[in-house]
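Reading the structure
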Amino acid sequence: MMSFSPPPPPPPPRPPPVQIASRLPSEPPSSVPHARIRFRSVELGQFERRFRPGDPPAVLFDFLDSEGFPQEEHKVLSSWPRRDVSGSRRC
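Here is a short report on the structure shown in this document. (Residues numbered from 1 in each chain as written. Predicted model: local features only at pLDDT ≥ 70, side-chain atom pairs only at ≥ 80, totals over all residues. Heavy atoms only, no water.)

**With respect to the side chain of Ser 66**
We apply this condition: In this description a helix means any DSSP run of H or I spanning at least four residues, a strand means any run of E spanning at least two, and both kinds are numbered starting from the N terminus. Whether a residue is buried, partly exposed or exposed follows from its accessible area with a 1.4 Å probe, protein chains only, as a fraction of its type maximum: under 20%, in between, or over 50%, in that order. Residue contacts are counted whenever heavy atoms from the two residues lie within 4.5 Å of one another.
With respect to the helices, strands and loops of the structure, Ser 66 is situated in helix α2 (residues 57-66). On the accessibility criterion, Ser 66 (14% relative accessible area) is buried. Each residue touching Ser 66, except ones within four places of it in the same chain, is listed here: Pro 17, Ile 20, Ala 21 and Leu 24.

Written out as structure tokens, the structure is:
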């Protein structure tokens, strides 16, 4: 006798970029310790943002989502050593 389990439920819908942006912490001023991350994209060229040292990687990914770069459609790569860090969202 075979038994089948129902398919898993679909993932919840992504919140709109405006809602994601509203939950982001403010960008720290350059006068306090921070990490400056530079992003490159075909659509926008180069842009950067400052993050606090204690910000979890999820803040970076939420920032990118709020800018129109959802993780499901884009990769996050470190430049040196070159590697895909897209899976680091929950660290």
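**Comments concerning the environment of Gln 71**
Its place among the elements puts Gln 71 in the loop between α2 and β3 (77-79). Gln 71 sits in the partly exposed class, given a relative accessible area of 22%.

**Describing α2**
The buried count for α2 comes to eight of ten residues, which makes it a mostly enclosed element. Within α2 the residues assigned to the buried category are Val 59, Leu 60, Phe 61, Asp 62, Phe 63, Leu 64, Asp 65 and Ser 66. Contact partners of the buried residues in α2: α1 (17-22), β1 (35-41) and β2 (45-51). Looking one or two places after α2, you find Gly 68, whose phi comes out positive at around 95 degrees.

**What about the pairing of β1?**
This is how it is decided: A pair of strands is considered paired only if DSSP assigns at least 2 bridges between the two.
Looking at chain direction, β1 and β2 are connected through seven bridges and run antiparallel. Looking across to β2, one finds that Arg 38 is bridged to Glu 48. The antiparallel hairpin formed by β1 and β2 contains three residues in its connecting segment.

**Some points on the environment of Arg 14**
Tracing the chain through its elements places Arg 14 in the segment before α1. On the basis of relative accessible area, Arg 14 is assigned to the partly exposed category, the value being 39%. Not counting residues within four places of it along the chain, the set of residues in contact with Arg 14 comprises Ile 20, Asp 65, Pro 70 and Glu 72.

**Looking at the packing of aromatic side chains**
Put simply, the rule reads: Any pair of Phe, Tyr and Trp rings, taking the six-membered ring for Trp, is counted once the centres come within 6.5 Å. Such a pair is stacked with planes under 30 degrees apart, edge-to-face with planes over 60 apart, and tilted for the rest.
The full count for this structure, using the stated rule, is five aromatic pairs. Arranged with centres 5.6 Å apart and planes meeting at 40 degrees, the rings of Phe 39 and Phe 63 form a pair that is tilted. Taken together, the positions of Phe 39 in strand β1 and Phe 63 in helix α2 put the pair 24 residues apart, joining distant regions of the chain. Judged on exposure class, the residue Phe 39 and its partner Phe 63 are both buried. Aromatic pair Phe 47 and Phe 69: ring centres 6.1 Å apart, planes at 15 degrees, arrangement stacked. Of the two residues, Phe 47 sits in strand β2 while Phe 69 sits in the loop between α2 and β3, which places them 22 residues apart along the sequence. The pair formed by Phe 47 and Phe 69 is uniform in burial state, with each residue classed as buried. Site record: aromatic cluster; members linked through ring pairs are Phe 39, Phe 47, Phe 51, Phe 63 and Phe 69.

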